[in-house]
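Listed here are the chains, written in short residue letters.
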Amino acid sequence: MVKKGADFWISIGLLAFCAFAAWRTSLLPSMGTGTQAGPTFFPWLMIGGMALLSAAMLVRSLVAGSTKGEGSEIGARTLLRIGAFLLLMLAYAFSFVYLGYIVSTVAVFILGMLFLGERRVIFFAGIPVVIVLVIYFLFTKFLGVYLP
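Rules of the game
- Residues numbered from 1 in each chain as written.
- Predicted model: local features only at pLDDT ≥ 70, side-chain atom pairs only at ≥ 80, totals over all residues.
- Heavy atoms only, no water.
- Axes fitted to C-alpha atoms, helices over the stretch in contact; angles between N-to-C directions.
- Helix = DSSP H or I, 4+ residues; strand = E, 2+ residues; numbered from the N terminus.
- Left-handed = near helix turned anticlockwise from the far one by under 90°.
- Contact = heavy atoms within 4.5 Å.
- Nonpolar A, V, L, I, M, F, W, Y, C, P; charged D, E, K, R; others polar.
- Salt bridge = Lys/Arg side-chain N within 4 Å of Asp/Glu carboxyl O.
- Buried < 20%, exposed > 50% of the residue type's maximum accessible area, 1.4 Å probe, protein only.

A. Fine view of the packing of helix α4 (residues 101-115) against helix α5 (residues 121-142). Closest axis-to-axis distance for the α4/α5 pair is 9 Å, and the angle between their directions is 145°. Every pair of crossing elements has a handedness; the one defined by α4 and α5 is right-handed. Residues Y101, I102, T105, V106, F109, I110, M113 and L114 of α4 touch α5, and the partners they reach there are F123, F124, P128, V129, I131, V132, L133, I135 and Y136. Class assignment of the residues belonging to the contact of α4 with α5 gives a composition of 16 nonpolar, 1 polar and no charged.

Below, the structure is given as structure tokens:
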């Protein structure tokens, strides 16, 4: 019997999250906004993309596990990093309303890059600011969507 590795379990967890998010998104009221893309367009787009990539990771883990005969196990350090990242996402969800989009997203982006091992200051200080500002202006000016 083939042991299931980290990619297998992470992809299963992501697919379960996608199912939960799809259920919750299906409960959103469908209001007429005068555009073809309603309020559930972006959530469904993200759910679809995550589900597709999670399914690809699941298939890859099953193929790799069957050819190698073993999978990589999730260590305590990896579980700790995943837990810290989940706490970071919860803090982001709570701080978003109070601090606003730009401040909270830049802070979480930088901390996330540090969690993932980025140590070059130019990257973890510059890239988040540029990406967040571009997204902010695309949403507010181009799409007309208010971000707190």
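B. Examining the pattern of salt bridges more closely. This structure, assessed with the given rule, holds 2 salt bridges. Ionic pairing is found between D7 and R60, a salt bridge with its closest N-O pair at 2.6 Å. A residue pair is termed long-range when its members are at least 10 positions apart, and D7 in helix α1 (residues 6-26) and R60 in helix α2 (residues 41-68) qualify at 53 residues. The exposure class of D7 is partly exposed, given its relative accessible area of 28%. By relative accessible area, which is 51% here, R60 ends up exposed. In this structure, E118 and R120 form a salt bridge, with 2.9 Å as the shortest nitrogen-oxygen distance. Exposure remark for E118: the relative accessible area of 15% places this residue in the buried category.

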